[in-house]
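A closer look at the structure
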Amino acid sequence: MTIFQFPQDFRWGTATASYQIEGAAQEGGRGVSIWDTFARTPGKVFNGDNGDVACDSYHRYEEDIELMKKLGINTYRFSIAWPRIIPDGDGEINREGLDFYHRFVDKLLEAGIEPFCTLYHWDLPQVLEDDGGWGNRRTVDAFVKYAEVIFKEFTGKIKFWLTFNEPWCIAFLSNLLGVHAPGNKDLQTSLNVAHGLLVAHGKAVQSFRRLGITGQIGIAPNVCWAEPYSKSPEDQAACDRSIALNTDWFLDPIYKGTYPQFMVDWFAQAGATVPIQEGDMEIISQPIDLLGINYYTMGINRFNPEAGALQSEEVDMGLTKTDIGWPIESRGLYEFMHYLQKYGNVDVYITENGACINDDLDNGKINDDRRISYYEQHLAQIHRIINDGINLKGYMAWSLMDNFEWAEGYRMRFGLVHVDYRSLVRTPKESFYWYQNVIKNNWLETRN
Ligand SMILES: N=NNCCOCCOc1ccc(-c2cn(C[C@@H]3NC[C@@H](O)[C@H]3O)nn2)cc1
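What counts, and at which threshold
- Residues numbered from 1 in each chain as written.
- Predicted model: local features only at pLDDT ≥ 70, side-chain atom pairs only at ≥ 80, totals over all residues.
- Heavy atoms only, no water.
- UniProt positions renumbered as here; feature names shortened; annotations may be inferred.
- Helix = DSSP H or I, 4+ residues; strand = E, 2+ residues; numbered from the N terminus.
- Buried < 20%, exposed > 50% of the residue type's maximum accessible area, 1.4 Å probe, protein only.
- Contact = heavy atoms within 4.5 Å.
- Areas by Shrake-Rupley, 256 points an atom, 1.4 Å probe, with all protein chains shown as cover.
- Lys, Arg positive; Asp, Glu negative; His and termini not counted.
- Charge placed at Lys NZ, Arg CZ, Asp CG, Glu CD.
- Core = buried A, V, L, I, M, F, W, Y, C linked by side-chain atoms within 4.5 Å.
- Polar contact = N/O pair within 3.5 Å; in protein donor to acceptor, adjacent residues only side chain to side chain.
- pLDDT = per-residue confidence, 0-100.
- Disulfide = S-S within 2.5 Å.
- Near = heavy atom within 4 Å.
- Nonpolar A, V, L, I, M, F, W, Y, C, P; charged D, E, K, R; others polar.
- Pairing = 2+ DSSP bridges.
- Axes fitted to C-alpha atoms, helices over the stretch in contact; angles between N-to-C directions.
- Patch = residues over 30% accessible without salt bridge, like charges linked within 9 Å, V, L, I, M, F, W, Y side chains within 5 Å.
- Salt bridge = Lys/Arg side-chain N within 4 Å of Asp/Glu carboxyl O.
- Phe/Tyr/Trp six-rings, centres within 6.5 Å; stacked < 30°, edge-to-face > 60°.
- Lys NZ or Arg CZ within 6 Å of the ring centre and 35° of its normal.
- Parallel < 35°, antiparallel > 145°, perpendicular 65-115°, else oblique.
- Left-handed = near helix turned anticlockwise from the far one by under 90°.

- The protein chain has the name Beta-glucosidase in an unreviewed UniProt entry, where Paenibacillus xylanilyticus is given as its organism.
- In the Catalytic activity (unreviewed entry) part of its UniProt record, the protein chain is described as follows: "Hydrolysis of terminal, non-reducing beta-D-glucosyl residues with release of beta-D-glucose."

This is the structure:
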């Protein structure tokens, strides 16, 4: 057994996202998002699940905050649904939507919980997607308008801001692989989307500074750490491409003002280019205050000319996997955090980390021991990272509760709290109580 003591000011939290938990999809003046459309497209989401009800947190947020208080977290990451604020994307502001989030944020603050707000967690107003989505500068301008409304409304209440969640998912999972909304499968479209969201990010940061909003702002890339299957240059290059598309493709423009040239050249071979306009890179590279990092797993990659746009495939090395099929390998987080140091010792929060373990109720309890073991391993790496002097300031478990896991629907469960989707009854799992103890002690005690 080892005791890992965390810094006194370390932030402990959980994370969720609007479309995944709120429900009330046709209430409160909310407009249609691309996920409402995608979920209703046959074959896109397991079992035809959608976010119409989800966890009904739109109506049950006070109950959720009581669970957060019981858990003992001091930070809660959530996202605001753009379609609740400006239902048609860039038209009229919906006061009812703003009032909902004011009630929610006020309750969080009353509970002594710091709101950590994501402006965009994938629920783009459908009207904007119909007009070209992130590849159209109209959407970029609409995002800035939406962000400025939120900044002005919540300045002083919300002090931690993220512009975008997982830009790789927004651009490539959703527009090259077609797995998430809107489901495009086109490399040029995905590069247009990636560039559009980066320009939107930079413009929103400029607005944040110009409006004098108190607090810190950043972005939350998801990590795809990978190691080469062999020492061959081809496997190493395939590995580098995989890592770069999740990280460097977004963080080089933000921190260096340029795209990684080796990747620009790689895509040029496929006839795809980045639609950079005059001034874009200066806008994108506005200084930011923090990074959110979402980590779940890592891969062992090798070159395969048949393996998609990157010609890089993940090899199944027989590791223990979670129930969504992701290998459990916490050392990738340690390796990635050191990789990240090339951008400087920036303030970092782990804004998502968790395990899909589909244990169900057993005599009123959920003995999700595999989830506890996952968290134990990853928190031990977090301690290692902090011990190396890296500015890792906080940790948010994904997720507070089971919720709509995108194309997997409700079958995949990441929550510390079980949700019965018929009754909407919330039941803390054994991992909830384990995490509660870690937070209370501010230390991790490994069990073996
Ligand atoms: N058809 N071709 N398929 C090729 C390969 O696709 C396979 C599917 O790939 C992926 C890759 C990554 C993810 C993913 C999900 N989360 C969890 C969420 N993070 C934000 C929050 O909302 C959580 O719910 N993080 N990453 C899903 C699917």
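Comments concerning the overall build of the protein chain
- Within the protein chain one finds 16 helices and 15 strands.
- In terms of overall dimensions, the protein chain has a C-alpha envelope of 55 × 55 × 45 Å along the principal axes.
- Counting every position in the protein chain, which comprises 448 residues, the buried fraction comes to 62%.
- Taking all contacts inside the protein chain whose residues are at least 6 apart in sequence as the whole, residues at least 24 apart take part in 77%.
- Accessible surface, the protein chain as shown: approximately 16300 Å² in total, 49% of it carbon and sulfur.
- One finds the centroid of the 41 positive side-chain charges in the protein chain at a distance of 3 Å from the centroid of its 61 negative side-chain charges.

Observations concerning the UniProt feature "binding site: substrate" (unreviewed entry) in the protein chain
- If you check UniProt for "binding site: substrate" (unreviewed entry), the listed places come out as Gln20, His121, Asn165, Tyr296, Trp398, Glu405 and Trp406 in our numbering.
- Within the secondary structure, His121 is located in the loop between β4 (114-120) and α6 (126-130).
- Once residues lying within four places of it in the same chain are set aside, the contact partners of His121 are Thr16, Ala17, Gln20, Arg77, Ser79, Asn165, Glu352, Trp398 and Trp406.
- Not counting the four nearest positions on each side in its chain, Trp406 is found in contact with Tyr19, Gln20, Trp35, Val45, His121, Trp122 and His180.

A look at the nonpolar core
- Membership of the largest hydrophobic core comes to 157 residues, with the highest contact counts inside it found for Trp134, Phe143, Trp161 and Trp249.
- Each residue touching Phe143, except ones within four places of it in the same chain, is listed here: Trp82, Leu119, Tyr120, Trp134, Thr163, Phe164, Ala200 and Ala204.

Notes on the UniProt feature "active site" (unreviewed entry) in the protein chain
- In the numbering adopted here, UniProt assigns the feature "active site" (unreviewed entry) to Glu166 and Glu352. Across 187 residues of sequence, these annotated residues stay compact in space, with a maximum C-alpha separation of 10.2 Å.
- Mapped onto the elements of the fold, Glu166 is located in the loop between β5 (160-165) and α8 (167-175).
- Those residues in contact with Glu166 that lie beyond four places of it in its chain are Trp122, Ala220, Pro221, Asn222, Asn294, Tyr296 and Glu352.
- Checked against the element boundaries, Glu352 lands in strand β11 (residues 348-352).
- If near-sequence neighbours (up to four positions away) are discounted, Glu352 is found in contact with Arg77, His121, Asn165, Glu166, Ile293, Asn294, Tyr295, Tyr296, Met396 and Trp398.
- Separated by 3.1 Å, the side chains of Glu352 and Arg77 make a polar contact.

Quick notes on the confidence of the model for the protein chain
- The pLDDT averaged across the protein chain works out to 98; a share of 100% of its residues lies at or above 70.
- On the interface metric, ipTM, the complex scores 0.92, and its pTM is 0.98.

Focus: the state of the cysteines
- As enumerated under the stated definition, the model contains zero disulfides in all.
- Looking at Cys224, it has no disulfide partner, and the nearest cysteine sulfur is the one in Cys239, 8.0 Å off.
- Just so you know, Cys356 is unpaired, no disulfide at all, and the nearest cysteine sulfur is the one on Cys55, 14 Å from it.

Notes on the site of the ligand
- Inspection of the region around the ligand gives 14 residues, with Gln20, His121, Glu352, Glu405 and Trp406 positioned closest.
- In the environment of the ligand, a nitrogen atom lies 3.0 Å from a nitrogen or oxygen atom belonging to the side chain of Glu166.
- Between the ligand and Glu405, the relevant distance is 2.7 Å, taken from an oxygen atom to a side-chain nitrogen or oxygen of the residue.
- Here the ligand has 630 Å² of accessible area as a free molecule, and 68% of this is covered by the chains.
- Residue composition of the shell around the ligand, by class: eight nonpolar, three polar and three charged.

What to know about the sheet that holds β11
- Taken in spatial order, the eight strands line up as β2-β3-β4-β5-β6-β8-β11-β12 and close into a barrel, and their pairing is parallel. Neighbour-to-neighbour, the strand axes of the sheet open up by a mean angle of 25 degrees, direction not taken into account.
- This element, helix α16 (residues 430-441), spans β2 (11-15) and β12 (392-398) of the sheet and lies at about 155 degrees to β2.

Notes on the pairing of β5
- Burial analysis of β5 places six of its six residues in the buried class, which makes it a mostly covered element.
- Note that β4 and β5 share four bridges and pair parallel. The residue bridging Cys117 from the neighbouring strand is Trp161, located in β5.

Comments concerning a nonpolar patch on the surface
- A contiguous nonpolar surface patch, about 290 Å² in accessible area, is contributed by Tyr229, Met317 and Leu319.
- Tracing the chain through its elements places Met317 in the loop between β10 (312-314) and α14 (331-339).

Thoughts on the packing of aromatic side chains
- If you walk through the whole model with that rule in mind, you get 54 aromatic pairs.
- When the ring of Phe10 is compared with that of Trp12, the centres are 4.9 Å apart and the planes differ by 75 degrees; the resulting orientation is edge-to-face. Here the two residues Phe10 and Trp12 agree in accessibility, since each one is buried.
- Taken together, the ring pairs connect Phe6, Phe10, Trp12, Tyr374, Tyr375, Tyr395, Trp434 and Tyr435 into an aromatic cluster.
- Note that Arg84 overlies the ring of Phe100, its terminal NZ or CZ placed 5.9 Å from the centroid.
- Above the ring of Tyr229, the side-chain terminus of Arg302 is found at 5.1 Å from the ring centroid.

Observations concerning the packing of α8 against helix α9 (residues 187-210)
- Contact geometry for α8 and α9: axes closest at 8 Å, N-to-C directions at 160 degrees. Overall, the two elements α8 and α9 adopt an arrangement that is roughly antiparallel. As α8 runs across α9, the sense of the crossing is right-handed. Note on element contacts: α9 touches α8 through Thr189, Ser190, Leu191, Val193, Ala194 and Leu197, opposite Pro167, Ile170, Ala171, Phe172 and Asn175.
- Classifying every residue of the contact of α8 with α9 gives eight nonpolar, three polar and no charged.

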